[in-house]
Amino acid sequence: MQSFAPLLDPQLMFDSSTGLLKGEHVISESRRLADLAGVFADEAARSAMEPNTVVYSVSSTFPVENGKVGGLFFGCTTIQPGTIGGEYFMTKGHFHTKIDTAEFYWCLEGEGALLLMNESRSCRVERMAPGSLHYIPGCVAHRTINTGEKPLIFGACWPSDAGHNYERIRIHGFSVRLVKGGDGPVVVEA
Ligand code: S6P
Ligand code: ZN
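Residues numbered from 1 in each chain as written. Chains lettered and ligands numbered in written order. Predicted model: local features only at pLDDT ≥ 70, side-chain atom pairs only at ≥ 80, totals over all residues. Heavy atoms only, no water.

## Overview of the coordination of the zinc ion (ligand 2)
A metal bound by six donors in octahedral fashion has ideal angles of 90 or 180 degrees, whereas one bound by four tetrahedral donors has an ideal angle of 109.5 degrees.
Then, number 1: Distances from the zinc ion (ligand 2) to its protein donors, His94 (NE2), His96 (NE2), Glu103 (OE) and His142 (NE2), fall at 2.1 to 2.3 Å.
Then, number 2: Classification of the site at the zinc ion (ligand 2) rests on its six donor atoms, whose angles at the metal span 64 to 168 degrees, yielding the label irregular.
Then, number 3: Between consecutive donor residues of the zinc ion (ligand 2), the sequence gaps follow H-x1-H-x6-E-x38-H. Note on accessibility: His96 and Glu103 belong to one class, buried. (Donors = N, O, S within 2.8 Å, 3.2 Å for Na, K, Ca; no water. Tetrahedral: all angles 85-135°; square planar, octahedral: opposite > 155°, others 65-115°. Buried < 20%, exposed > 50% of the residue type's maximum accessible area, 1.4 Å probe, protein only.)

Okay, here's the thing in structure tokens:
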């Protein structure tokens, strides 16, 4: 019988115990309260909290050069549970620099919400739960929010030429926010 090369181990693994990717070309970084000035409505509450508190971590693999057309990047984000002045822990949120590039999010663990906002500042909020798959069209800003009591973990896949434009959200924000109500998350005008 002809013999073939043995099966190779996968180049990347998701470690559900840590929420991190493991393998080559993986970079992990955390966003702490100190990095999130101006993100939450209640800035006084944010600055009164322990600045080293990790709000979210992102573990991403960049198998091709950033900006290259035709490749894909993949990242796993873990957002810790918590609130600041009644507003849930969340990501900064961004448009893509190449604004018409899309992205997929796939929720792995926890409970949360995906806030989507188009260029006319019209918003839609999708519930995230294990298994929920979210298509983020081009020209739509996206932010994720942990509305649960446990870490929210999701995978994301986006084009390697998309880039991230944080400045537009830093200046203008999203037009809505998610706050903790008596019966769960409530969408309020920002
Ligand atoms: C990248 C993708 C995610 C986010 C991550 C953190 O296009 O949307 O990996 O980078 O969830 O959010 P943010 O808004 O701080 O980049
Ligand atoms: Zn994105």
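## Considerations on the site of ligand 1
Then, number 1: Not every one of the 15 residues close to ligand 1 is listed here, only the nearest: Tyr56, Glu103, Tyr105, His164 and Tyr166.
Then, number 2: The backbone of Gly93 places a nitrogen or oxygen atom 2.8 Å from an oxygen atom of ligand 1.
Then, number 3: Glu103 is positioned with one of its side-chain polar atoms (N or O) 2.9 Å from an oxygen atom of ligand 1.
Then, number 4: Across the complex, the protein chains shield 97% of the 400 Å² of accessible surface that ligand 1 would expose by itself.
Then, number 5: Elements supplying a minimum of two residues to the shell around ligand 1: strand E4 (54–61), strand E8 (103–109) and strand E13 (152–159).
Then, number 6: Here the shell around ligand 1 is composed, by residue class, of six nonpolar, seven polar and two charged. (Near = heavy atom within 4 Å. Polar contact = N/O pair within 3.5 Å; in protein donor to acceptor, adjacent residues only side chain to side chain. Areas by Shrake-Rupley, 256 points an atom, 1.4 Å probe, with all protein chains shown as cover. Helix = DSSP H or I, 4+ residues; strand = E, 2+ residues; numbered from the N terminus. Nonpolar A, V, L, I, M, F, W, Y, C, P; charged D, E, K, R; others polar.)

## Remarks on the side chain of Ser160
Then, number 1: Its location among the elements puts Ser160 in the loop between E13 and helix H2 (167–172).
Then, number 2: Taking the relative accessible area as the measure of exposure, Ser160 reaches 0% and is therefore buried.
Then, number 3: For Ser160, the side chain forms a polar contact with the main-chain oxygen of Lys68, separated by 2.6 Å.

## Concerning the pairing of E13
Then, number 1: Of all eight residues that make up E13, seven are buried, and the element is covered over most of its length.
Then, number 2: Sheet analysis places strand E5 (residues 72–79) next to E13, joined by eight bridges and oriented antiparallel. Within E13, the residue paired with Phe74 across the bridge is Cys157.
Then, number 3: Relative to E13, E8 runs antiparallel, the two sharing five bridges. What sits directly across from Trp106, in E13, is Gly155. (Pairing = 2+ DSSP bridges.)

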